[in-house]
Amino acid sequence: MIFNSTQFIIFFPIVVLVYYTLPNKVRYIWLLAASYYFYMSWNPIYILLLFSCTVITYAAGLILEKLQNINSRKLCLAACLMINLCILGFFKYFNFAVININRILSAVHIGQVTWEHNIILPVGISFYTLQALGYLIDVYRGDIYAEKNFFRYALFISFFPQLVAGPIERSKNLLVQLYTAKKFDWENFRRGFVLMLWGFFLKVVIADRAAVIVNTVYGNPDEYKGFLVMAATFFFAIQIYCDFYGYSVIARGAAYFFGIKLTDNFNAPYFSQSVKEFWRRWHISLSGWFRDYLYIPLGGNRKGALRRRINLLIVFTVSGLWHGASMAFVVWGFLNGAYQIAGEFIRELRSTLYTYKDSFGARLTKRLATFVLVCIAWVFFRAGQLSSAVDMFRSMVQFDLISMFNGAIYGLGVSKEYLNVLLTAIFVLGYIDFQKYKGTDAVSAVLKQKWYLRIVIETGLLFTILLFGCYGVEYDTSEFIYFQF
Amino acid sequence: MTQVSLFISNFKALLHKKIVKTIGYLALMVFVILFVANCLNYIYTDAEDSFNQWSRILWHNYYSYKDNIDCLYIGSSHIYEDIDPYILDELNGKNNFDFATPGQRLNASYYILKEIDKKHDLEHVYLELYYDLSTRRGDFSSRDSMIDNWRNIDEMKFSLNKLRYIFDVYEPEYYLDTFFPFIRYKSMLFDNEYVDRQVRIKRSEDYRKYRYRITDDAGNTIIEFTDKGYDYTTEKLTDGDLLYQYELKIKEQPITPDAEKYLRKILEYCRENNIAITLFSSPVYELHLLATDDYDAYIDKINSIAWEYDVEYYDFNICREEYMDIQSVDNFKDVQHLNTEGATVFTDVFWKVMSQPYEESSRYFYASYADKRQSMEPCIYGIYRTDPERTDRETDTAAYRVASNRPQDMEYRILLTPAGEDTEMYQDFSPNTYFSVPDSEHGICTIVAKVTGQSDKVQTLEINY
């Protein structure tokens, strides 16, 4: 069951309605049941993995709290981390490992490994595993008490709005909220509704329409070159942002209906003036997780410049690997780390480029440069394979001025009218993101409007989605890109 | 104490005000959504489509029908093409009403029957069973079935029965298209010409007054939708049209599980509500039946279900020629449906059969379709395209077969005249009934048939392919 499916549109109101008709004390049990049902709608058998992860980390949390001996605590934590990472590794990296082992073996002319490797990745495993491990490390560090109520803890791991694609919540944020009795609050409903509308707009009006262009070009790399490949890469940058941001916004909106505030996972990342800033604004919950649970334990920036840079590369490479079991993702992650290190080396050179460092021109140049660098990295991400990414770059640099002007872009599966709608929607997104960058939240701004304006905005958004969105029986309902991670 | 009660009353007033404001806001929002959706429906739903017009007019006529419906004729398009309720009014002195929309399957008939039974004291229901909709088109979850059901859903007034109909027939992925019809026309969103045409039609007096009439240059009516669910049409099948596009294979499954389920539901509903019901099949042009591998399998299956429920089933495709001589192109609008001329003949025979006891009326019919074929003079009725397995896709050829009621007793000369080319003889008189042409080729196919051993009497058909 995905957010942009009719099943979810039926499932969600039922869950909300029952939630508020039940007594406070049992509401979290209902949410837990709904979350498990939501997860089982993909593949019921994989609920066992979610349940195992929950049981293991729950028990480990209680044990860690009881243990006094530092070595025993370390051993307990390490064992639990290993078990969970092994499960994640098996499902996510087994195929990747077998393929690469066979490559090495065939290079040295030794027989191949013949293990079957047709494992299907359970949806959301990367997200809930990190969330559970984050909790465990917090308990180990003594930042939080271990949760005693198993059902509440199980809900923390499986809360359906953020279960399959984040945000990766911290126990200090989500688990704490699950304690508080939630009363019906109309303001939460209003905010949740507007957020969900905005999320659907991002997903079905922008991301899924842009996906048509991206899939056309990236699916036939030999047929397109120059401008069209660049345009497709631009649209992919928009697609992945709106796809993932859209999911996060819908998740936040859905959580508001239960009176729960989830982390805002994105903060106008494409207005960043450096790659470093980009990563402070993109997938904030993951960046935060890697910072707190990998970068800092590795030494962070406490052990000198060289070590800091190595740590940065390690974190970004691991982040790439977390996204997908492919060398292209590893390169994507590494490249993002490398950008930041390179940025430090040429900091002085860059500062000499701008007479007025904070002028409009300087900011615009920095933003464009950051966007281009991020787009270059996205090519690896979208291509999925190193060789495919190289092919795309080769096509991209082939000079093809004519295709800019001959309307070839309308031949990429999106008609002129829908392309105009897409570009207008991107412009609206750009405006709203820019306001967000400056500190103005669009949803709060909408909610402050007079009632009649709110009705116009909300129904306008609803009909924009209904009229211009990609959904329904004529389209394959697109899954969110981050489900595959 | 006074302060406490004041606080409580203020709080209640505040709460009351907030609740009223919230409810008011939601109601207004729903109103705006419905208003905009209706505007979009008006602009985008297709009024050019005569099927949509038919459903709209039929449902309007039904809702404005003041008298009680005594006899309801329900089923597929064969109802509104083949059964003339005005003739029946005279024949049986009751109020007769046809209720059928194009491609109406048994699931739709079930919910429509329930809808009509709510308002009318139904005496007798005559359920028409067209075998193609229960076999080749008998998958009720297919896209085609969804589209055909929308024609009823869109026009049906809101009721619990309608909601049950929607939730029973449609999978969740169809809900948005079902509740917001304009969504189905999203591909026309930027087509200004289409929008212009729709608005023009919908503003026309005929449309607003639920009239649909097509006339020829001399002003004679060719098609007219009448107010008792009957489609008056003078269109005629021609020899050139005697090509049927499908070979129907129903031997293995004479009725799909979906169709059987709803047939049983209809029979059970009538039994529970003491409504008399009779099953029947309208006559189709012989070509249609000859393109079917085993029509008797269908007859047997329906008979077995009918016997189970102790109801009567009459298949007018096996009606004896001496009672109903209808197999002439002049009586048909197309291969499936009669025209008004044919309907007049058929309705009369139909009522003769229905008004007699079963034992009496059974003399009107052959025991089986095989019996009927054996008793007929050898004759050809057209050609039909054989199933895709027979079509050689690699060489892009389309395979056809001559539709003969006694293929083994006849010989055929096949001449092909591709458009803009000379006539070529595919085969001289031979018992072979199969021939193939390039899939993209169009032209005229001339079939000359004679009974084997008799050279004096030949039958010739010129068919467009």
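Note that this is a predicted model, so its numbers are computed, not measured.

Reading the values: the criteria
Residues numbered from 1 in each chain as written. Chains lettered and ligands numbered in written order. Predicted model: local features only at pLDDT ≥ 70, side-chain atom pairs only at ≥ 80, totals over all residues. Heavy atoms only, no water. Domains from an automatic or database assignment. Contact = heavy atoms within 4.5 Å. Buried area = accessible area lost by both parts, 1.4 Å probe. Salt bridge = Lys/Arg side-chain N within 4 Å of Asp/Glu carboxyl O. Polar contact = N/O pair within 3.5 Å; in protein donor to acceptor, adjacent residues only side chain to side chain. Helix = DSSP H or I, 4+ residues; strand = E, 2+ residues; numbered from the N terminus. Nonpolar A, V, L, I, M, F, W, Y, C, P; charged D, E, K, R; others polar. Patch = residues over 30% accessible without salt bridge, like charges linked within 9 Å, V, L, I, M, F, W, Y side chains within 5 Å. Areas by Shrake-Rupley, 256 points an atom, 1.4 Å probe, with all protein chains shown as cover. Lys, Arg positive; Asp, Glu negative; His and termini not counted. Charge placed at Lys NZ, Arg CZ, Asp CG, Glu CD. Buried < 20%, exposed > 50% of the residue type's maximum accessible area, 1.4 Å probe, protein only. Expected span 1.5 Å × (residues − 1). Pairing = 2+ DSSP bridges. Axes fitted to C-alpha atoms, helices over the stretch in contact; angles between N-to-C directions. Core = buried A, V, L, I, M, F, W, Y, C linked by side-chain atoms within 4.5 Å.

**Some words on the domain arrangement of chain B**
Residues and elements named next belong to chain B. When its domains are assigned, chain B resolves into domain 1 (50-237 + 253-374) and domain 2 (380-464). The distance between the C-alpha centroids of domain 1 and domain 2 comes to 33 Å. At the interface, seven residues of domain 1 touch ten residues of domain 2. Ranking the residues of domain 1 by area buried against domain 2 places L287, L290 and R373 at the top, with a combined share of 60%. At the junction of domain 1 and domain 2, the tally comes to zero salt bridges. Counting every contact that joins domain 1 to domain 2 gives two residue pairs in polar contact (both at pLDDT 80 or more). Where the side of domain 1 that touches domain 2 is concerned, the elements lending two or more residues are α12 (286-290) and α16 (369-375). Of the residues that constitute the side of domain 1 that touches domain 2, the class distribution is four nonpolar, one polar and two charged.

**A look at a positive patch on the surface**
A surface patch of positive charge is lined by A:K276, A:R280, A:R347 and A:R350. Relative to the helices and strands, A:R347 is located in helix α15 (residues 347-353).

**What about a nonpolar patch on the surface?**
On the surface, a nonpolar cluster with roughly 710 Å² of combined accessible area is contributed by A:W451, A:Y452, A:L453, A:I457, B:L28, B:F31 and B:F35. At the level of elements, α21 (451-468) of chain A together with α1 (2-44) of chain B are the ones that each hand at least two residues to the nonpolar patch. As for its placement among the helices and strands, A:Y452 is situated in helix α21. Using a relative accessible area of 45% as the deciding quantity, one classes A:Y452 as partly exposed.

**Examining α21(A)**
Here α21(A) spans 25 Å end to end across 18 residues, near enough to the 26 Å set by a 1.5 Å rise per residue. The set of residues buried in α21(A) consists of A:R454, A:I455, A:E458, A:T459, A:L461, A:F463, A:I465, A:L466, A:L467 and A:F468.

**Description of the sheet that holds strand β6 (residues 231-233) of chain B**
Residues and elements named next belong to chain B. Taken in spatial order, the three strands of this open sheet run β4-β5-β6, and their pairing is antiparallel. A strand with exactly one partner marks an edge of an open sheet, and here the two such strands are β4 (213-215) and β6. In this sheet, adjacent strand axes meet at a mean angle of 0° when their direction is disregarded. Here strand β5 (residues 221-225) pairs with β6 via three bridges, running antiparallel.

**A few points about the interface of chain A and chain B**
On the side of chain B, 23 residues touch chain A, which itself brings 23 residues to the contact. For the chain A and chain B pair, buried surface summed over both sides reaches about 2400 Å², with 77% attributable to carbon and sulfur atoms. Across the chain A-chain B interface, the total number found is zero salt bridges. Of all elements in the fold, only α1 (6-21), α9 (186-219), α19 (416-437) and α21 of chain A reach the threshold of two or more residues within the side of chain A that touches chain B.

**Examining the pattern of salt bridges**
Opposite charge on two side chains lets them pair, provided their charged atoms get close. Tallied over the full model, the rule gives 36 salt bridges over all chains. Across the pair A:E344 and A:R308 runs a salt bridge, and its minimum N-O distance is 2.8 Å. With A:E344 in helix α14 (residues 327-345) and A:R308 in helix α13 (residues 305-323), this residue pair connects regions lying 36 residues apart in the sequence. As a salt-bridge pair, B:R136 and B:D132 come within 3.0 Å of each other at their nearest N and O atoms. With a relative accessible area of 36%, B:R136 lands in the partly exposed category. Within the structure, one salt-bridge network assembled from shared partners comprises B:E260, B:R264, B:K301 and B:E308.

**A short note on the environment of A:T317**
All names here are of chain A. With respect to the helices and strands, the residue T317 is situated in helix α13. When the C-alpha positions of T317 and G142 are compared, they lie 29 Å apart, and in sequence the two are 175 residues distant. Beyond its immediate chain neighbours, meaning those up to four positions away, T317 contacts V330, G333 and F334. Side-chain polar atoms of T317 contact the backbone oxygen of L313, separated by 2.6 Å.

**Quick notes on the domain arrangement of chain A**
Residue and element names in this part refer to chain A. Domain assignment breaks chain A into domain 1 (6-100 + 116-182) and domain 2 (188-484). Distance between the C-alpha centres of domain 1 and domain 2: 27 Å. Opposite the 40 residues of domain 1 that make contact, domain 2 presents 34 residues. Each partner contributes to the roughly 3200 Å² buried at the junction of domain 1 and domain 2, and carbon and sulfur atoms together form 67% of this total.

**Describing the nonpolar core**
Judged by nonpolar contacts, the single largest core of 169 residues is most densely connected at A:I206, A:F258, A:Y270, A:W378 and B:F182. Counting residues per element, this core draws most heavily on helix α10 (residues 227-256) of chain A, at 20 residues. By size, the runner-up hydrophobic cluster in this structure holds 122 residues, among which are B:C71, B:F140, B:L237 and B:L338.

**A closer look at the pairing of strand β15 (residues 443-451) of chain B**
As a general feature of sheets, a regular strand has side chains that alternate between the two faces. Residues and elements named next belong to chain B. The element β15 is largely enclosed, with a buried count of seven among its nine residues. Two strands pair when backbone bridges link them, and β15 and strand β16 (residues 458-464) are joined in this way by seven bridges, in the antiparallel orientation. Following the sheet pairing, I447 is matched in β16 by L461. Turn length for the β15-β16 hairpin, with the two strands adjacent in sequence and antiparallel, is six residues, and the turn residue G453 shows positive phi of about 85°.

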